[in-house]
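# Chains, contacts and geometry: an overview
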Amino acid sequence: MLLGVVVSVCPLSAWAQTVGEGAAAALALESSLVDLIERSERSVVSITRHTESPELVAGAAQQPGGVAIGGGVVRGNGLPFGQQAGQPRFFIQGQPLIAGRLGNLQMVTDAATPPSGAGVVIDPSGIVLTQFAVVGLDDHHVVTTPDGVRYLADLRAADGRSGLAVLAIRKRLEAGQAGDDGAAPEAIDLPALPIGKAEDLRKGRLVVSIGNPYAIESDGQPTASWGSITNTAARVPQNEPLGGEVESDGQFRTTLHHFGSLIQTDARLGWNASGGALVNLAGELVGITTTASTIAGHEQPAGYAIPLNAAMRRAVETMRDGMAPEYGLLGVSFDRVASRNAKTGRMGIGVRDSYRGAPAQVAGLLPGDLLLEVNGKSIKSPDALQLAVGSLPPGAATDIVYERQGQLHNTSVVLGKAYLDGGDQIISAEMPSWRGIRVDYPTAVPPEVLRVKTAEGAIDPEGCVVVSEVEEGSVSWESGVRPYAFISHVGGKRVRSPEEFFDAVRDASANVNLKFTRPLNTKAPASFAE
């Protein structure tokens with residue numbers, strides 16, 4: 001018995017057409033990526049930190065035989081500072097030894113100062129965005145472009161909560177230049193990347209990673225690779241210092257990204273990728289790459305980037321002005337694990353305590369309530385709650401959905417401000433003050449102080465500000481004002497934010513009456529005259 005087999009044969013011309021269309025699509029993608037990298041890579045720079053004045057980098061070339069290698073600070077004789085001519089250094093297994101005493105030794109020279117990371121120019125005037133860990137408060141920063149041009153840059157602001165920092169290029173470093181000579185600064189005009197919306201990213205979207213400060217220094221060009229977005233909610237490991245200070249238990253949880261906001265990509269990141277660019281196909285900067293260690297449960301070759309979403313863009317704009325970004329606070333203590341109501345099946349985070357006078361308590365939230373949504377986002381973990389609230393600014397009206405005794409309720413909370421330790425933020429702008437005092441949102445105090453002050457009823461639920469600093473010897477100090485005093489009225493006008501306070505004192509007469517929520521520890525009147 002013969003079996004009939006039907007074979008469908010694709011005509012050669014149709015097959016060739018399919019192959020041709022696929023090849024054309026691949027070539028079009030390749031051309032697009034090549035053009036994108038060429039447009040974007042000139043905006044990625046190397047950043048080097050120096051403990052010595054960076055003018056020495058340029059000044060070294062003035063001396064006979066002087067060189068400046070890789071941005072490192074070197075002596076005029078070509079030797080690193082601290083090493084004299086005719087004094088070679090000898091090592092055995094990394095240990096320095098006296099020259100010529102132990103026979104056949106290896107002579108080595110000190111390496112030039114290596115780059116601390118990369119950065120991305122986001123404004124032609126020389127504004128550079130990078131990662132918090134790349135900069136240093138007491139260091140001098142030199143920015144090197146792919147063209148090999150070196151610039152002296154000032155640290156404008158750094159913020160551990162976002163994990164980001166902003167540098168402002170001040171002047172070009174050239175051979176023969178030494179310090180400020182009083183001349184007007186030259187105009188800076190660098191290729192800059194526009195900032196995109198990282199919240200629009202989805203898994204599968206294509207991106208390009210550009211970085212590697214070592215390649216910028218040595219090859220005159222950063223490395224680049226492309227890949228896809230594989231996750232938009234990766235968490236930084238608790239022992240990873242992406243930014244900010246270590247907590248008392250030895251863990252790092254100071255950034256929003258520890259709660260699950262990092263971009264994960266399979267685009268290969270360059271060596272020491274901290275501060276590099278993650279660019280979408282529109283040529284927009286959507287992330288700042290980071291060398292965060294591999295996260296448990298994630299792919300080993302994965303790369304990560306800080307997303308430039310709404311919260312991070314707000315932080316960047318604030319830091320461009322030299323100021324510290326601000327983050328929202330609900331004013332509750334909450335369960336460390338999610339809870340599910342067995343009767344209703346709803347899952348959320350339980351409120352343990354609602355601080356008296358804090359935003360949540362003012363909005364009607366009580367201990368025992370189950371928080372379900374923040375601005376439409378489901379809250380199914382403590383990290384999700386902290387990320388949702390912390391991504392919003394203080395003063396933001398925030399919709400909260402919660403469950404109480406099995407019933408759903410809605411309320412709107414006007415967020416307070418989260419307190420950040422001074423080591424987590426660096427600013428260059430002068431903070432506003434009035435007659436020796438600085439003020440802030442009432443919740444912007446250390447947690448232990450907040451607990452005490454709310455228990456005392458010091459925070460007026462209708463609105464007030466807290467005195468964050470008092471200059472000793474000022475009229476305010478002499479009148480008995482001290483940090484953590486709360487002011488509800490200025491000249492009879494209620495103040496609920498620092499902006500309202502400074503508007504009120506500016507509009508007030510020469511004699512200004514302040515109303516405090518609790519009596520001052522002094523007999524001096526709370527009246528301030530010019």
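Please read these numbers as outputs of a predicted model, since none were measured by experiment.

Here we take up the overall build of the protein. Helix and strand counts for the protein stand at 9 helices and 31 strands. A separation threshold of at least 6 residues defines the contact pool for the protein, and within that pool the share at least 24 residues apart is 64%.

Backbone phi values are negative for most residues with the exception of glycine, while trans is the configuration of most peptide bonds. Despite not being glycine, Asn212 shows a phi value in the positive range, around 70°. In this fold, Asn212 is placed in the loop between strand E10 (206-211) and helix H3 (213-219). One non-glycine residue, Arg435, adopts positive backbone phi at about 50°. Relative to the assigned elements, Arg435 resides in the loop between strand E25 (425-427) and strand E26 (437-440).

Looking now at the packing of aromatic side chains. The relative placement of two aromatic rings is captured by the distance of their centres and the angle of their planes. In this structure the tally under the stated criterion is 2 aromatic pairs. Judged by centre distance (6.0 Å) and plane angle (80°), the ring pair of Trp434 and Phe501 falls under edge-to-face. Taken together, the positions of Trp434 in the loop between E25 and E26 and Phe501 in helix H9 (residues 498-507) put the pair 67 residues apart, joining distant regions of the chain. Like Trp434, the residue Phe501 is buried in the burial classification. Residues Phe501 and Phe502 carry aromatic rings whose centres are separated by 5.3 Å and whose planes lie at 85° to one another, so their mutual orientation is edge-to-face. Taken individually, Phe501 and Phe502 each receive the classification buried, so the pair is uniform in this respect. Aromatic rings pair up to connect Trp434, Phe501 and Phe502 into one cluster. Note that Arg161 overlies the ring of Tyr327, its terminal NZ or CZ placed 5.8 Å from the centroid.

Let's shift gears to the side chain of Ser40. With respect to the helices, strands and loops of the structure, Ser40 is situated in helix H1 (residues 12-40). By relative accessible area, which is 2% here, Ser40 ends up buried. Once residues within four sequence positions are removed from consideration, Ser40 is found in contact with Leu193, Ile210 and Val279.

Around the barrel, 6 strands lie side by side as E10-E11-E12-E15-E14-E13; this closed barrel has antiparallel pairing. On average, each strand axis in the sheet is inclined to that of its neighbour by 45°, with strand direction left out of account. Judged from the 3 bridges that link them, strand E13 (residues 277-280) and strand E14 (residues 285-290) form a sheet pairing that is antiparallel. Looking at E14, one finds that Leu278 is bridged to Gly287.

Right, let's talk about helix H4 (residues 310-320) for a bit. Taken residue by residue, H4 has Ala311, Met312, Ala315, Val316, Met319 and Arg320 as its buried positions. Buried-residue contacts for H4 involve strand E5 (117-123), strand E6 (127-131), strand E8 (150-159), strand E9 (164-173) and strand E15 (303-307).

Here Ala388 shows up in helix H6 (residues 382-390). Taking the C-alpha atoms as reference points, Ala388 and Gly376, 12 residues apart in sequence, are found 9.9 Å from one another. Here Ala388 is in contact with Val374 and Ile379, once residues within four sequence places are set aside.

Leu129, Leu164, Ala277, Leu285, Leu308 and Met312 are the most contacted members of the largest nonpolar core, which totals 39 residues. The element contributing the most residues to this core is H4, with 5 residues. Not counting residues up to four positions away in its chain, the partners in contact with Leu129 are Gly119, Val120, Ile122, Leu164, Ala165, Val166, Gly275, Leu285, Ile288, Leu308 and Val316. In terms of nonpolar packing, the next biggest core, distinct from the first, is built from 20 residues, Phe334, Ile349, Leu371 and Leu392 among them.

Taken residue by residue, a regular strand's side chains alternate between the two faces of the sheet. When you tally the buried positions in E9, you get 8 out of 10 residues, the bulk of the element. Where E6 and E9 come together, 5 bridges link them in antiparallel fashion. Looking across to E9, one finds that Gln131 is bridged to Leu164. In this structure, E8 lies alongside E9, joined through 9 bridges in antiparallel fashion. Note on E9: the bridge partner recorded for Asp159 is Leu164. The turn joining E8 and E9, which pair antiparallel and follow one another in sequence, is formed by 4 residues; a positive phi near 80° is taken by Gly163.

The next point concerns helix H7 (residues 447-456). Owing to its 3.6 residues per turn, the α-helix aligns residues three or four sequence positions apart on the same side. Taken together, the buried positions of H7 are occupied by Val449, Leu450, Lys453 and Thr454. Along the axis of H7, the buried positions cluster into a sector of 125°, meaning they face one direction only. In this structure, the buried residues of H7 make contact with strand E16 (328-329) and strand E28 (486-490). The positive-phi residue at the C-terminal boundary of H7 is Gly457, with phi of around 75°.

Moving on, we come to the pattern of salt bridges. Going through the model one piece at a time under the given rule, you end up with 18 salt bridges. Of the charged contacts, one joins Arg313 and Glu199 as a salt bridge, the two residues approaching to 2.9 Å between their closest N and O atoms. Highlighted residues: Arg313 in helix H4 and Glu199 in the loop between E9 and E10, separated in sequence by 114 residues. Glu199 sits in the partly exposed class, given a relative accessible area of 32%. The network of salt bridges with common partners includes Asp123, Glu317 and Arg320.

This paragraph deals with the confidence of the model for the protein. Averaged over all residues, the pLDDT of the protein equals 82, while 75% of them reach at least 70. Counting interchain partners and residues more than four positions distant, the pLDDT-below-50 stretch residues 57-111 has 84 contacts. When the criterion is pLDDT under 50, residues 176-182 qualifies, and its contacts beyond four places in sequence or with other chains add up to 14 contacts.

Below, the discussion takes up the pairing of E13. Across the two faces of E13 the burial is the same, with Ala277 and Val279 and Leu278 and Asn280 all buried. Across 4 bridges, the pairing between E10 and E13 is antiparallel. Bridge pairing in E13 places Ile210 opposite Ala277. Counting the residues in the hairpin turn of E13 and E14 gives 4 residues, including Gly283, whose phi is positive at 80°.

Here we come to the layout of surface pockets. The method is simple in principle: a probe with the dimensions of a water molecule rolls over the atoms, and the space it marks as empty is what remains. Empty space within the second largest pocket amounts to approximately 930 Å³. In this structure, the second largest pocket is lined by 34 residues; those nearest its centre are Ala324, Glu326, Lys417, Met431 and Asp440. Those elements giving two or more residues to the lining of the second largest pocket turn out to be H4, E25, E26, strand E27 (465-470) and H9. Ranked by residue count, the leading element in the lining of the second largest pocket is H4, at 4 residues.

Parameters and conventions
- Residues numbered from 1 in each chain as written.
- Predicted model: local features only at pLDDT ≥ 70, side-chain atom pairs only at ≥ 80, totals over all residues.
- Heavy atoms only, no water.
- Helix = DSSP H or I, 4+ residues; strand = E, 2+ residues; numbered from the N terminus.
- Contact = heavy atoms within 4.5 Å.
- Phe/Tyr/Trp six-rings, centres within 6.5 Å; stacked < 30°, edge-to-face > 60°.
- Buried < 20%, exposed > 50% of the residue type's maximum accessible area, 1.4 Å probe, protein only.
- Lys NZ or Arg CZ within 6 Å of the ring centre and 35° of its normal.
- Pairing = 2+ DSSP bridges.
- Axes fitted to C-alpha atoms, helices over the stretch in contact; angles between N-to-C directions.
- Core = buried A, V, L, I, M, F, W, Y, C linked by side-chain atoms within 4.5 Å.
- Arc of directions from axis to C-beta.
- Salt bridge = Lys/Arg side-chain N within 4 Å of Asp/Glu carboxyl O.
- pLDDT = per-residue confidence, 0-100.
- 1 Å grid on protein atoms, 1.4 Å probe; cavity = no way out; pocket = protein on both sides within 12 Å on 5 of 7 lines; lining within 4 Å.
- Points joined across faces, edges and corners; volume = space filled by probe spheres on them.

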